[in-house]
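Structural characterization, general
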Amino acid sequence: MSSEDNKGFICKKDGKPMYLIEETEKMSNGKHRAIFYYKCPVCGYRIEVEQVIVTVENDQIIVNRRVRLL
Ligand SMILES: [Zn+2]
């Protein structure tokens, strides 16, 4: 077990441990977006923690991170 396991979130509604989900999608304008969020397996409640948008422009990779402070 790594120390990461202790940092999980507990659902406010039912007290169940939430798990981290990563979702990636390719947007129509060629950008790639990754969203990280915690989700409760019981009621579906979710907390978004980070959004990363990756753009490739003139052979350069531009990474745009948006971290939400919890
Ligand atoms: Zn819940």
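Residues numbered from 1 in each chain as written. Predicted model: local features only at pLDDT ≥ 70, side-chain atom pairs only at ≥ 80, totals over all residues. Heavy atoms only, no water.

Details of the pairing of strand β3 (residues 46-57)
Note the threshold: In this description, strands pair whenever DSSP reports at least two bridges between them. In this description a helix means any DSSP run of H or I spanning at least four residues, a strand means any run of E spanning at least two, and both kinds are numbered starting from the N terminus.
Examined bridge by bridge, strand β2 (residues 32-39) and β3 share 8 bridges and lie antiparallel to one another. Its bridge partner being in β3, His32 is matched across the sheet by Val54. Counted along the chain from β2 to the antiparallel partner β3, the turn is 6 residues long, and its residue Gly44 has a positive phi close to 85 degrees. The antiparallel hairpin formed by β3 and strand β4 (residues 60-67) contains 2 residues in its connecting segment, where Asn58 sits at a positive phi of about 50 degrees.

Description of the environment of Phe36
Operational definition: Each residue gets one of three labels from its accessible area relative to the maximum for its type: buried under 20%, exposed over 50%, partly exposed in between, using a 1.4 Å probe on protein chains only. Two residues qualify as a contact provided that any one of their heavy atoms is within 4.5 Å of a heavy atom in the partner residue.
Inspection of the secondary structure puts Phe36 in strand β2. Overall, Phe36 belongs to the partly exposed group, its relative accessible area being 21%. When the C-alpha positions of Phe36 and Ile47 are compared, they lie 8.8 Å apart, and in sequence the two are 11 residues distant. When near neighbours in sequence (up to four residues on either side) are disregarded, Phe36 contacts Leu20, Ile21, Glu22, Ile47, Glu48, Val49, Glu50 and Val52.

Comments concerning the pattern of salt bridges
Basically, it comes down to this: Just to be clear on terms, a salt bridge is a Lys or Arg side-chain nitrogen sitting within 4 Å of an Asp or Glu carboxyl oxygen.
All told, the structure shown has 3 salt bridges when counted by the stated rule. A salt bridge links Glu25 to Arg33, with the shortest nitrogen-to-oxygen separation between them at 2.6 Å. On the accessibility criterion, Glu25 (35% relative accessible area) is partly exposed. Between Arg66 and Glu48 there is a salt bridge, and its shortest N-O distance comes to 3.5 Å. With Arg66 in strand β4 and Glu48 in strand β3, this residue pair connects regions lying 18 residues apart in the sequence.

Brief notes about the packing of aromatic side chains
Our working definition: Classification of ring pairs uses Phe, Tyr and Trp, with its six-membered ring standing for Trp, and accepts pairs whose centres are within 6.5 Å; under 30 degrees between planes counts as stacked, over 60 as edge-to-face, and the remaining range as tilted. Should the NZ of a Lys or the CZ of an Arg lie within 6 Å of a ring centre and within 35 degrees of the ring normal, that charge is described as sitting over the ring.
Applying the stated criterion to the full structure yields 1 aromatic pair. The lysine or arginine in question, Arg46, covers the ring of Tyr37, its NZ or CZ lying 3.8 Å from the ring centre.

Some points on the confidence of the model for the protein
Put simply, the test is: A score between 0 and 100, pLDDT records how confident the predictor is in each residue.
For the protein, mean pLDDT is 88; residues scoring 70 or higher make up 89% of the total. Looking across the protein, the model is least confident in β3, with a mean pLDDT of 92, and most confident in strand β1 (residues 19-26), with 95.

Observations concerning the side chain of Gln51
Which entries qualify depends on this criterion: Identification of polar contacts relies on pairs of N or O atoms within 3.5 Å, with a donor-acceptor requirement for protein atoms, meaning one able to donate a hydrogen and the other able to accept it, and with residues adjacent in sequence counted only if both atoms are side-chain atoms.
Mapped onto the elements, Gln51 comes out in strand β3. A distance of 3.1 Å separates the side chain of Gln51 from the side chain of Glu48, its partner in a polar contact. The residues contacting Gln51, other than those within four sequence positions of it, are Arg33, Ala34, Ile35, Asn64, Arg65 and Arg66.

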